[in-house]
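# Structure at a glance
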Amino acid sequence: IKRGMNIEELFDYCQSIQGAEATTPFDEWTIVMKVMGKMFALIPTEGDRFCISLKCDPAKAITLREKYVCVEGAYHMNKTYWNTIYLDRDMPDDELREWINHSVEEVIKKLPKKQQQHLQLSYCEGKVVLVKSFLPTQFTMQAAKDLINL
């Protein structure tokens, strides 16, 4: 059985998106990934099944749920816009990375037009790159790995 990427690889990918910051505003076990101060992913580090919740275009959200067993409407989120993807099921890692990128794009396009004017979305090695200067992240990779290994 092919397993998906592990939680550390998932976090590393999200953190590698330029301008991404990791925070823990809800509790010490849920990493909230933000770009431009807006949430694009939730990564719970506690539980027996690792997953990620991502923002998604509403029509694409439904299509994803129909296509993959690993995709469900996100618990405690607006299911019109948010999907949870379980890492141990049937979605290839490359496609998961594409949906993470899509989530960032969805966040950016919902920003006020004035903020969008200062951004340029681009791609480098399959990752979303935001061409803008950002403040350094407040949450380090080691802190996230420490949470994951609790």
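To be clear, the structure that these remarks concern was listed above.
Because the structure is a prediction, the values reported are computed rather than measured.

## What to know about the sheet that holds strand β2 (residues 30–35)
What the 6 strands build is an open sheet, ordered β1-β2-β3-β4-β6-β5; its pairing is antiparallel. Each edge of the open sheet carries a strand with a single partner, namely β1 (20–23) and β5 (71–73). Shown here is a sheet whose adjacent strand axes are inclined to one another by a mean of 25°, direction ignored. Here β1 runs beside β2; their pairing, made up of 4 bridges, is antiparallel. Looking at the pairing, A20 lines up with V35 of β2. Running at roughly 40° to strand β4 (residues 51–55), helix α3 (residues 93–109) makes contact with β2, β3 (38–44), β4 and β6 (82–86) of the sheet.

## Overview of unusual backbone geometry
Working note: non-glycine residues mostly have negative phi, and peptide bonds are mostly trans. Residue M36 is not a glycine yet carries a positive backbone phi of 55°. Phi is positive for H76, close to 65°, though the residue is something other than glycine. Positionally, H76 belongs in the loop between β5 and β6.

So, how was this worked out
Residues numbered from 1 in each chain as written. Predicted model: local features only at pLDDT ≥ 70, side-chain atom pairs only at ≥ 80, totals over all residues. Heavy atoms only, no water. Pairing = 2+ DSSP bridges. Helix = DSSP H or I, 4+ residues; strand = E, 2+ residues; numbered from the N terminus. Axes fitted to C-alpha atoms, helices over the stretch in contact; angles between N-to-C directions. Contact = heavy atoms within 4.5 Å.

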